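# An overview of the molecular structure
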Amino acid sequence: MNKQQMLTNAKRVIDDRRYAAEEQVAQTLESLRSDKSWTDNEYALRSAQIDLAMGNGDSKKLQKEIARLEDVQKKLLFDSGVAESALTPHYFCAKCHDVGYVNGKICSCLQEELRKQIIAQSNVIDPRFTFQNSAETDKHNKAVYKKAQELCVSGKGNMLLTGNVGCGKTYLLAACANLCADLGRSALFVTAYSLNRSFLEAHLSDLAGKDAILDALVDVDLLLIDDLGTENVYRNVTAEYLFSVLNERLSRQKQTFITTNLGIADIRERYDERIFSRLVDQNSTFVAMLTGKDKRLAK
Ligand SMILES: [Zn+2]
């Protein structure tokens, strides 16, 4: 699903809230209108309001009459056990009244729905893995976190994170995905293993199937690949497709963040020169190593 579709879905959620709020008022009115004294009063009130607006008749008298009719309406409401507030729609969002936009700008409620849509599509392992919730204390690692956060905010530049098992690479990757979703950018979190499965599936599909699989990997604003180097190497598949995805994303200036347990020399050994140069390219990629003991064991 691309971002336009996700925005459309998010907008539908907001629209449904507005319809529901307005529908509730409409239903209340409908049941009130089954009473003739209500409809007569309502009609008289509306006529008086129109007359006042059009300047028909004595405005002082009309205002008085409107106030009287409003009092009657209140009494009728009270008698039928309906709260006055039931006649105004209860919008979920006070800022935009469930329209999704304020002065042509996207409202925070629509932004939040879009974030949910992005997260739902992103495979993000845990929404609680965020920069704010991070318990990282190591000075060097904190600097890496800060830089990663900056990359997410700017929307520019790739990242290659190395480090031993359990030093928090996956957490940082998930935090990046969650932050991007907050910022309204699409993200896709994959393990190298599942990515490799997708490559194999693409390889075995017809052209349309192949395009669908690869487009999803190339279109997303931020692709996050966890644990590169743990995947099997399928001949004519793993390296070829990885290169093509990385290269296409680079040329479209889409961000790719990768974690690996491999050292730089191991990466060079495992992947060919073309992939290596794209993974560690100094101009486009922030290469960093997270340090520290296995956090999972330390707990
Ligand atoms: Zn709103």
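Throughout what follows, the structure given in this document is the object of discussion. (Residues numbered from 1 in each chain as written. Predicted model: local features only at pLDDT ≥ 70, side-chain atom pairs only at ≥ 80, totals over all residues. Heavy atoms only, no water.)

## Examining the side chain of Thr259
This is how the line gets drawn: Starting at the N terminus, helices and strands are each numbered in turn, a helix being any DSSP run of H or I of at least four residues and a strand any DSSP run of E of at least two. The buried label goes to any residue with under 20% of its type's maximum accessible area, the exposed label to any with over 50%, and the partly exposed label to all in between, with areas taken from a 1.4 Å probe on protein chains only. Contacts are assigned to residue pairs with any non-hydrogen atoms lying within 4.5 Å of each other.
Of note, Thr259 is situated in strand S6 (residues 255-260). What makes Thr259 buried here is its relative accessible area of 0%. For Thr259, the contacting residues outside a window of four places in its chain are Leu161, Lys169, Leu173, Ile225, Asp226, Asp227 and Leu228.

## A few points about the side chain of Arg249
Convention followed: None of His or the chain ends enter the tally, which takes Lys and Arg as positive and Asp and Glu as negative. A carboxyl oxygen of Asp or Glu within 4 Å of a side-chain nitrogen of Lys or Arg is what we treat as a salt bridge. Nitrogen and oxygen atoms within 3.5 Å of one another constitute a polar contact, given that in protein one can donate a hydrogen and the other can accept it, and given that sequence-neighbouring residues count only through two side-chain atoms.
With respect to the helices and strands, Arg249 occurs in helix H9 (residues 238-251). Look at Arg249: it is buried, it has no salt bridge, and the nearest opposite charge is Asp221 at 6.9 Å. Polar contacts involving the side chain of Arg249 include one to the main-chain carbonyl oxygen of Val220, which spans 2.9 Å. Excluding residues within four positions of it along the chain, Arg249 makes contact with Leu217, Val218, Asp219, Val220, Asp221, Leu222, Leu223, Lys254, Gln255 and Thr256.

## Some points on the coordination of the zinc ion
In a perfect tetrahedron of four donors around a metal, the angles come out at 109.5 degrees. In a perfect octahedron of six, they are 90 or 180 degrees. The test is simple: We call an atom a donor if it is N, O or S and sits within 2.8 Å of the metal, or 3.2 Å for Na, K and Ca. Water is not counted, so some sites may look partial. Under the classification used here, a metal with four donors is tetrahedral if each angle lies between 85 and 135 degrees, square planar if opposite donors are over 155 degrees apart and the others between 65 and 115, a six-donor metal meeting that same test is octahedral, and anything else is irregular.
Taken together, Cys93 (SG), Cys96 (SG), Cys107 (SG) and Cys109 (SG) make up the full set of protein donors to the zinc ion, lying 2.2 to 2.3 Å away. Between the four donor atoms coordinating the zinc ion, the angles at the centre fall across 101 to 115°, so the site counts as tetrahedral. For the zinc ion, the donor residues sit on a single chain with the sequence spacing C-x2-C-x10-C-x1-C. Separated by eleven residues along the polypeptide, Cys96 in the loop between helix H3 (59-79) and strand S1 (101-102) and Cys107 in the loop between strand S2 (105-106) and helix H4 (108-122) bring together distant segments of the chain. For the residue pair Cys96 and Cys107, the accessibility class agrees, reading buried in each case.

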